[in-house]
Amino acid sequence: MTFEELNLPHEIARAINQMHYTQVTQIQQEAIPEMRKGRDIIAKAPTGTGKTFAFGIPLIEGIDEQNRSVQALVLAPTRELTIQISEQLRLLARYKNGVRVLSVYGGQPISKQIEALKRRPNVVVATPGRLIDLMNRKAINLDGVTLAVLDEADEMLDMGFIKDVRGILDRLPSMKQMAMFSATISREVMDIGWLYQRDAAEITVEPELESMPLINQYAIECSGGSKFGTLLDIMECRRFRRVIIFCNTKRMAERLYTQLAAKGFCVDCLHGDIRQSTRNRIMQDFKNGDIDVLVATDVAARGIDVSGIDAVFSYDVPQENAYYLHRIGRTGRARNTGDSYIFYTLAEKFKLDDIIRLTKSDVTFIRLNNAHKIETIQ
């Protein structure tokens with residue numbers, strides 16, 4: 001199906017055409033018609049299948065530009081994802097005059113967001129914690145919200161936000177429709193659905209071969225002392241142009257950033273203790289190609305949506321199995337092939353085996369030979 005066959009309003013169709021999208025993804029084909037009917041949605045779909053447009057198109061279509069109250073609310077687990085969703089919604093609303101989208105999240109001065117709310121946006125994209133804070137300060141009025149969307153619902157509820165999410169949904173007296181989009185349908189997601197949805201349309205999208213990320217996954221055993229040299233050898237051998245390296249802690253991320261900078265790499269570092277304005281600047285520099293190597297902790301994994309990433313390195317074995325998928329999902333996008341490398345010590349082999357088994361990953365074990373070239377272990 002094409003977007004033209006959806007018979008979208010002229011303003012939205014024009015915006016999509018300007019972004020050079022023509023084909024509708026499966027999640028969009030199934031979710032958009034149901035949401036336009038006003039039905040609740042619970043959708044299970046992998047990352048990178050077009051979920052933002054799946055809820056964003058009917059959301060923007062339903063906004064009354066003359067109504068100066070908040071009419072639609074989107075909740076997301078991280079500030080990076082909040083910013084990303086807001087950018088996509090603004091692009092969709094480009095030719096629909098009067099639609100104002102505001103993102104609110106922690107890490108930015110709340111006073112600045114309170115001032116922005118006085119300009120009366122009609123779409124708010126928020127992290128639950130910051131939104132609760134604004135509601136408690138009576139800085140935002142959600143009485144007019146008719147549509148609520150939970151994006152990355154499993155991640156958000158697994159992060160301990162279930163109490164905040166319920167507290168927010170309980171204070172939406174005019175809510176007529178709720179949509180949840182999630183990579184997995186966890187017990188917490190099901191509980192929210194039972195409590196707040198009625199006759200929800202259930203949509204499941206499995207990864208298709210043509211839409212699955214094209215990622216070559218490799219694992220290499222190396223001790224803590226040899227990791228940095230191994231990293232340099234692989235990057236030299238493969239000649240990657242744009243790379244993300246994930247570490248488990250901010251201390252390791254900063255240390256690796258310093259080591260790479262000393263070697264002359266154009267590198268920057270991203271973790272949870274960095275000011276939001278600085279994080280935004282780093283992400284923009286990375287998107288623009290001004291940074292070749294980004295060292296990051298997992299706090300950034302969900303929020304990075306940058307095309308053309310050649311490789312992802314797990315410098316540390318991730319602390320959660322799901323983090324592995326979040327990390328490698330930053331490469332191999334838009335039908336481009338990407339590489340993923342995970343470093344592990346002999347003591348961590350059992351943990352790596354668990355990750356491979358539970359995530360059903362196809363990982364090739366490799367090593368560096370005496371000439372510092374990569375070879376496969378049979």
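Keep in mind it's a predicted model, so treat the numbers as computed, not measured. (Residues numbered from 1 in each chain as written. Predicted model: local features only at pLDDT ≥ 70, side-chain atom pairs only at ≥ 80, totals over all residues. Heavy atoms only, no water.)

## Focus: the overall build of the chain
Okay, step 1: In terms of regular secondary structure, the chain is built from 13 helices and 15 strands.
Okay, step 2: Counting only C-alpha atoms and orienting by the principal axes, one finds that the chain spans roughly 70 × 45 × 40 Å.
Okay, step 3: Expressed as a percentage of its 378 residues, the buried residues of the chain come to 51%.
Okay, step 4: Taking contacts inside the chain between residues at least 6 apart in sequence as the whole, the part at least 24 apart equals 73%.
Okay, step 5: Here the chain displays about 17,900 Å² of accessible surface, and carbon together with sulfur accounts for 46% of that area. (Helix = DSSP H or I, 4+ residues; strand = E, 2+ residues; numbered from the N terminus. Buried < 20%, exposed > 50% of the residue type's maximum accessible area, 1.4 Å probe, protein only. Contact = heavy atoms within 4.5 Å. Areas by Shrake-Rupley, 256 points an atom, 1.4 Å probe, with all protein chains shown as cover.)

## Here's the deal with the packing of aromatic side chains
Okay, step 1: Enumeration over the complete set of coordinates arrives at nine aromatic pairs.
Okay, step 2: Their ring planes at 50° and their centres at 5.5 Å tell us that F55 and F181 sit as a pair that is tilted. Placement of the pair is F55 in helix α3 (residues 51-61) and F181 in strand β6 (residues 177-182), with a sequence separation of 126 residues. The same class applies to F55 and to F181, which are both buried.
Okay, step 3: Between the aromatic rings of F240 and F313, the centroid separation amounts to 6.3 Å while the plane-to-plane angle is 75°, which identifies the pairing as edge-to-face. You can see F240 sitting in the loop between α9 (227-238) and β9 (243-246) and its partner F313 sitting in strand β12 (residues 311-314), a full 73 residues away along the chain.
Okay, step 4: An aromatic cluster is built from Y218, F240, F313, Y315, Y341 and F343, whose rings are joined through pairwise contacts.
Okay, step 5: In this structure, R14 is placed above the aromatic ring of Y95, and the distance from its NZ or CZ to the ring centre is 3.8 Å. (Phe/Tyr/Trp six-rings, centres within 6.5 Å; stacked < 30°, edge-to-face > 60°. Lys NZ or Arg CZ within 6 Å of the ring centre and 35° of its normal.)

## Considerations on the sheet that holds strand β15 (residues 374-376)
Okay, step 1: Reading across from one edge, β10-β11-β9-β12-β13-β8-β14-β15 is the order of the eight strands in this open sheet, with mixed pairing throughout. Every other strand in the sheet has two partners, leaving β10 (267-270) and β15 as the edge strands with one partner each. Between one strand axis and the next, the sheet turns through 25° on average, direction left out of account.
Okay, step 2: When β12 meets strand β13 (residues 337-344), the two strands line up parallel, connected through four bridges. (Pairing = 2+ DSSP bridges. Axes fitted to C-alpha atoms, helices over the stretch in contact; angles between N-to-C directions.)

## Points about the pairing of β9
Moving residue by residue along a regular strand, the side chains alternate between the two faces of the sheet.
Okay, step 1: Residues V243 and I245 line one face of β9 and the alternating positions I244 and F246 line the opposite face, and both faces are buried.
Okay, step 2: Two elements, β9 and β12, share four bridges in a ladder whose sense is parallel. The residue of β12 that forms the bridge with F246 is S314.

## Some words on the nonpolar core
One broad rule of soluble globular proteins: the nonpolar side chains tend to lie buried together.
Okay, step 1: In terms of nonpolar packing, the biggest core is built from 40 residues, with I57, L89 and F181 touching the most fellow members.
Okay, step 2: With six residues, α3 is the largest single contributor of residues to this core.
Okay, step 3: Formed by 33 residues, the second largest nonpolar core is a distinct cluster that contains L102, L117, A148 and F161. (Core = buried A, V, L, I, M, F, W, Y, C linked by side-chain atoms within 4.5 Å.)

## Things to note about the packing of helix α4 (residues 79-92) against helix α11 (residues 276-288)
Okay, step 1: For the pair α4 and α11, the least separation of the axes is 12 Å and the interaxial angle reads 60°. As far as their axial angle goes, α11 and α4 are oblique. The two elements α4 and α11 meet at a crossing, and its hand is right-handed. Taking contact as the criterion, the partners of R79, E80, I83 and E87 in α4 are, on α11, Q276, R279, N280 and K287.
Okay, step 2: Across the contact of α4 with α11, the residue classes tally to one nonpolar, two polar and five charged. (Parallel < 35°, antiparallel > 145°, perpendicular 65-115°, else oblique. Left-handed = near helix turned anticlockwise from the far one by under 90°. Nonpolar A, V, L, I, M, F, W, Y, C, P; charged D, E, K, R; others polar.)

## Remarks on the pattern of salt bridges
Okay, step 1: Throughout the structure, instances matching the rule amount to 19 salt bridges.
Okay, step 2: Across the pair D199 and R39 runs a salt bridge, and its minimum N-O distance is 3.6 Å. In this pair, D199 is assigned in the loop between α8 (187-196) and β7 (201-204) and R39 in the loop between α2 (26-36) and β1 (41-44), connecting sequence segments 160 residues apart.
Okay, step 3: What makes D199 exposed here is its relative accessible area of 66%.
Okay, step 4: The partly exposed category is assigned to R39, whose relative accessible area is 27%.
Okay, step 5: Residue E115 is joined to K118 by a salt bridge in which the shortest nitrogen-to-oxygen separation is 3.0 Å.
Okay, step 6: Of the residues examined, E115 reaches a relative accessible area of 42% and is grouped as partly exposed. (Salt bridge = Lys/Arg side-chain N within 4 Å of Asp/Glu carboxyl O.)

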